[in-house]
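Read off the chains here:
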Amino acid sequence: MPRFLTPKVVCVKSFETVDRVELNQASYDFKSILKRFPREKNSNITFAVLTSGGDSQGMNAAVRSVVRVSIQLGVTIYFVKEGYHGLIEGNDYITKANWYDVSFTLSLGGTIIGTKRCKSFMTKEGRRKATKNMISFGISNLVVIGGDGSLTGANIFREEWPIHIDELLKCQEIDEETAKKFGHLNLVGIVGSIDNDFSGTDMTIGADTALHRILEAIDSIVSTAFSHQRTFIMEVMGRNCGYLAVKSALMCEADYLFIREWPQKLEWPDKLCKNVQRARKYGKRLNIIIVSEGAVDLNGNAITSEMVKNVLVERLNQDARITVLGHVQRGGSPSAFDRILASRMGAHAVFCLLEATAESEPKVVCLNANTIVHQSLMECVKSTSEIGKAVEEKDFDKALQLRGPSFNQNLVTYKQMIHKEIIDLDGKITLILNIGGSSNGINALMYSIVRASIALKTRVFAAKFSIDGLLRGEVVELHWSSVIGWLNQGGVKLGITRTIPDEDMMKKMAIQMKHFNISSCIIAGGTEALKTGIKMYDYRKKHKEFCIPIVVVPVTYSNNVPGTDFSLGADTALNQIVKLCDIIRQSAEGHTPRVFVVEVLGGLCGYLTSMTAMACGADASYIPEEKFNITDLMDCIYRMVEKFETKKITRGLVLRSERANENYTTNFLRKLLTEEGQKSFATRTSILGSIATGGVPSPFDRSFALKEGQLAADWVNNMQNEHPDKMILSCSAVSLGLKWSDFKFTELDDLRFINNETQSNNQPWWLNFRPLLKVLEEPNYWKQFK
């Protein structure tokens with residue numbers, strides 16, 4: 001799964017009880033997992049899974065993962081419908097789950113097993129009844145998917161469990177053998193919350209999708225606001241946490257932001273009017289104001305959307321409108337990230353439960369720098385409540401601090417990108433070159449580079465259509481106002497080509513760079529950009545014009561540039577492909593059983609295919625990095641036939657990377673499936689092609705672009721200040737990459753193997769998720785390891 005650039009909503013303290021599951025092959029290698037948790041020992045173990053509190057997109061993916069991983073390991077698994085209400089009611093509210101009960105649920109929002117706020121569970125009598133019902137089904141292991149309130153309630157339930165057992169025994173509602181067998185409750189939590197307000201995890205399930213919904217609404221409104229020169233006040237969720245508001249304000253170029261953790265001074269109406277007027281002065285035809293539903297001033301008084309509108313209408317005579325997004329943010333199909341994160345968390349919840357003992361404390365499954373960790377449930381709940389307490393006590397500085405450094409950094413970035421006054425620039429000039437294929441997020445990157453560079457008093461030039469435009473002298477200067485509206489634009493505003501300069505072109509480039517007095521260069525693009533950067537570094541001895549700070553920023557949907565775990569544009573492409581696959585599958589509803597063979601772009605990199613397979617629940621996926629043969633293809637067909645014979649399943653999905661195998665082509669797979677499966681299903685193909693790279697940038701890509709542009713500009717400025725006369729140094733030519741949770745600059749000298757396509761620096765991180773993919777897609781995968 002991509003390294004999502006997410007604020008860590010964790011308290012500034014260490015969690016001592018962290019059980020880190022390292023990101024390596026053993027994490028999901030099913031042979032190793034079966035050795036740790038042998039099926040024969042699990043046959044008498046029973047789990048239950050429930051969703052509680054407010055729903056969030058991705059809960060179904062978590063439920064699906066818990067069910068299927070449990071079944072693969074021989075564990076009996078039950079659904080508890082309608083949350084804690086189902087535990088108290090029992091009977092038909094607690095039902096045994098099978099493999100196909102969770103088919104085709106990945107794309108569904110909400111929760112298929114229901115959620116309901118239950119006042120009865122807040123009483124001891126209610127929890128005692130829930131205990132008896134669970135025991136009647138042989139359940140003493142529980143996975144709870146919900147927010148901090150639901151998880152707090154679950155922990156109280158666990159602590160009281162032995163008391164309820166004793167009371168049931170005294171009342172002769174259970175016998176001594178049963179009391180001994182079910183003497184303790186094992187509990188694991190998974191956080192589902194669109195607010196991303198739980199301490200201990202980088203991201204909660206549903207938060208990324210909520211950002212998708214918010215930005216989709218804002219992007220739709222922008223066009224009408226632009227036409228009429230209106231101001232729109234967007235009210236987003238987040239009564240006690242401003243995560244959604246901060247991120248959406250940053251990614252939609254909002255002119256003002258109101259959140260609880262950053263209370264406004266009492267004279268906020270004056271500042272609001274000043275910001276809006278300044279934006280119009282710079283050429284903006286519209287204004288977007290983001291208001292978190294929990295926004296307050298320094299005295300703790302609420303600031304409402306209506307109050308903001310009245311200020312703009314009365315003082316500026318603006319045509320201001322209010323849009324309250326409300327529960328729209330909770331709706332819709334989950335994003336690719338939420339589906340994959342939930343699938344990983346569900347699997348690890350099962351592992352954690354199987355390791356639990358009577359002495360072990362309850363855990364919550366969290367994400368930390370793309371690694372799954374098991375943290376102390378009560379420590380996380382306690383830390384989360386500390387933030388809420390600070391907010392209630394109006395200690396907003398403490399609340400902002402407790403949100404963590406990433407939350408604060410997003411706020412600082414927002415202030416720099418939006419509110420920075422235009423100042424006199426010095427003589428330094430940064431040149432931007434876009435080299436490679438078109439990839440989403442590159443316009444947002446240009447926006448960030450321009451704004452961050454100007455804030456550092458540096459002018460920014462850009463060559464239209466990259467090297468070709470530079471050689472023709474087609475170079476334009478970008479100003480603060482030049483990039484207004486670029487954050488949500490797809491395509492490449494400045495143009496892009498795949499031209500990698502040869503020796504003659506390098507000489508002409510040097511002449512042009514001298515002519516324009518270029519003092520630094522930022523190159524954005526794929527492998528072509530990296531190769532160009534290496535060439536510029538190599539030609540420093542021949543042309544002093546290349547003895548300047550050079551930084552390459554990887555931008556490609558294929559996610560195949562070395563030196564970084566994730567490339568800008570890949571997340572947008574992934575979400576687009578996932579949407580298309582959902583549509584393709586949906587088209588088969590109502591027809592006789594069909595299997596779709598979908599070809600996914602990505603060249604020699606199977607990243608998009610693998611991640612789409614996990615996000616869509618594909619029956620099989622074939623990539624260049626994994627060799628496969630006719631036996632593997634026939635195994636897929638046998639599974640398909642078995643699947644359709646259940647009579648509950650009418651759709652199948654097989655994904656193939658465009659260069660997975662030169663002989664087993666997409667057409668070959670179609671013919672093979674058609675011939676061998678003709679008695680059970682029909683076969684259709686779809687080649688997605690470049691349509692998958694279209695659309696507007698995803699929230700992650702916008703956030704990623706803003707951060708990378710800012711870092712690139714800062715790096716250039718620091719390099720010029722530290723080594724003004726020593727740009728021949730290798731450290732002054734680098735590639736910016738995201739490794740784990742940290743941004744790192746890698747010297748181009750260390751990335752020369754890019755020129756040899758048969759070489760690689762290491763195995764891609766995402767390949768480690770392939771075993772989990774098979775666990776979730778093949779019903780009897782465990783039989784291979786008998």
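## Observations concerning the sheet that holds strand β17 (residues 550–554)
Okay, so step 1: Spatially, the seven strands line up as an open sheet ordered β15-β14-β13-β16-β17-β22-β23, and their pairing is mixed. Strands with a single pairing partner mark the edges of an open sheet, and in this sheet they are β15 (475–478) and β23 (742–747). Strand after strand, the sheet turns through a mean of 25 degrees between neighbouring axes, direction not considered.
Okay, so step 2: Note: strand β13 (residues 429–435) against strand β14 (residues 459–463), four bridges, orientation parallel. Note that in β14 the partner of isoleucine 432 across the bridge is alanine 462.

## Examining the pairing of strand β5 (residues 141–146)
Okay, so step 1: In terms of burial, β5 is largely enclosed, as six of its six residues are buried.
Okay, so step 2: Every second residue of β5 is oriented toward a common face, with Asn141, Val143 and Ile145 on one face and Leu142, Val144 and Gly146 on the other, all of them buried.
Okay, so step 3: In this structure, strand β2 (residues 46–51) lies alongside β5, joined through four bridges in parallel fashion. Note that in β5 the partner of valine 49 across the bridge is valine 143.
Okay, so step 4: Two elements, β5 and strand β6 (residues 186–191), share six bridges in a ladder whose sense is parallel. When the bridges of β6 are listed, leucine 142 appears paired with leucine 187.

## Observations concerning the pattern of salt bridges
Okay, so step 1: Under the defined criterion, the tally for this structure stands at 28 salt bridges.
Okay, so step 2: Between arginine 403 and glutamate 261 there is a salt bridge whose closest N-O contact spans 2.9 Å. Here the residue arginine 403 occupies a position in the loop between α15 (396–402) and α16 (405–419), and glutamate 261 occupies one in the loop between β8 (256–258) and α11 (268–281), the gap between them amounting to 142 residues. As far as the burial class goes, arginine 403 and glutamate 261 line up, both buried.
Okay, so step 3: Here aspartate 619 and arginine 585 are joined by a salt bridge, their closest N and O atoms 4.0 Å apart. With aspartate 619 in the loop between α22 (607–616) and β19 (620–622) and arginine 585 in helix α21 (residues 570–586), this pair connects stretches of sequence that are 34 residues apart.
Okay, so step 4: Judged by relative accessible area, which is 10%, aspartate 619 ranks as buried.
Okay, so step 5: By sharing partners, the salt bridges in this structure join Arg128, Lys132 and Glu173 into a single network.

## With respect to the sheet that holds strand β18 (residues 594–600)
Okay, so step 1: On the basis of which strands lie adjacent, the open sheet formed by four strands has the order β19-β20-β18-β21 and parallel pairing. The strands lining the two open edges of the sheet, one partner per strand, are β19 and β21 (682–687). In this sheet, neighbouring strand axes are inclined to one another by 20 degrees on average, regardless of whether the strands run parallel or antiparallel.

## What to know about the packing of α22 against helix α26 (residues 770–777)
Okay, so step 1: One way to put it is that α22 packs onto α26 with a least axis distance of 10 Å and a crossing angle of 35 degrees. Classified by chirality, the crossing of α26 by α22 is left-handed. Every residue of α26 that contacts α22 at Ser610, Ala613 and Met614 is listed here: Arg770, Leu772 and Leu773.
Okay, so step 2: Across the contact of α22 with α26, the residue classes tally to four nonpolar, one polar and one charged.

## Some remarks on the layout of surface pockets
Okay, so step 1: Considered as a void within the structure, the second largest pocket measures approximately 890 Å³ in volume.
Okay, so step 2: When contributions to the lining of the second largest pocket are tallied by element, the ones reaching two or more residues are α7 (148–170) and α14 (377–392).
Okay, so step 3: Partitioning the lining of the second largest pocket into residue classes produces nine nonpolar, 15 polar and 12 charged.

## Observations regarding the nonpolar core
Okay, so step 1: Leu257, Ile290 and Tyr607 are the most contacted members of the largest nonpolar core, which has 162 residues in total.
Okay, so step 2: Beyond its immediate sequence surroundings of up to four residues, leucine 257 is in contact with Ala245, Val246, Ala249, Trp262, Gln264, Ile290, Leu411 and Tyr414.

## Digging into the confidence of the model for the protein
Okay, so step 1: On average, the protein scores 90 in pLDDT, and the residues at 70 or more come to 95%.
Okay, so step 2: Ignoring residues within four places in sequence, the model shows residues 1–26, a span with pLDDT below 50, making 110 contacts including any to other chains.

## A few points about the side chain of lysine 428
Okay, so step 1: Along the chain, lysine 428 falls in the loop between α16 and β13.
Okay, so step 2: The buried category is assigned to lysine 428, whose relative accessible area is 17%.
Okay, so step 3: Those residues in contact with lysine 428 that lie beyond four places of it in its chain are Leu456, Thr458, Arg459, Ser519, Asn717, Gln720 and Asn721.

Thresholds, definitions, all that
Residues numbered from 1 in each chain as written. Predicted model: local features only at pLDDT ≥ 70, side-chain atom pairs only at ≥ 80, totals over all residues. Heavy atoms only, no water. Pairing = 2+ DSSP bridges. Helix = DSSP H or I, 4+ residues; strand = E, 2+ residues; numbered from the N terminus. Axes fitted to C-alpha atoms, helices over the stretch in contact; angles between N-to-C directions. Buried < 20%, exposed > 50% of the residue type's maximum accessible area, 1.4 Å probe, protein only. Salt bridge = Lys/Arg side-chain N within 4 Å of Asp/Glu carboxyl O. Left-handed = near helix turned anticlockwise from the far one by under 90°. Contact = heavy atoms within 4.5 Å. Nonpolar A, V, L, I, M, F, W, Y, C, P; charged D, E, K, R; others polar. 1 Å grid on protein atoms, 1.4 Å probe; cavity = no way out; pocket = protein on both sides within 12 Å on 5 of 7 lines; lining within 4 Å. Points joined across faces, edges and corners; volume = space filled by probe spheres on them. Core = buried A, V, L, I, M, F, W, Y, C linked by side-chain atoms within 4.5 Å. pLDDT = per-residue confidence, 0-100.

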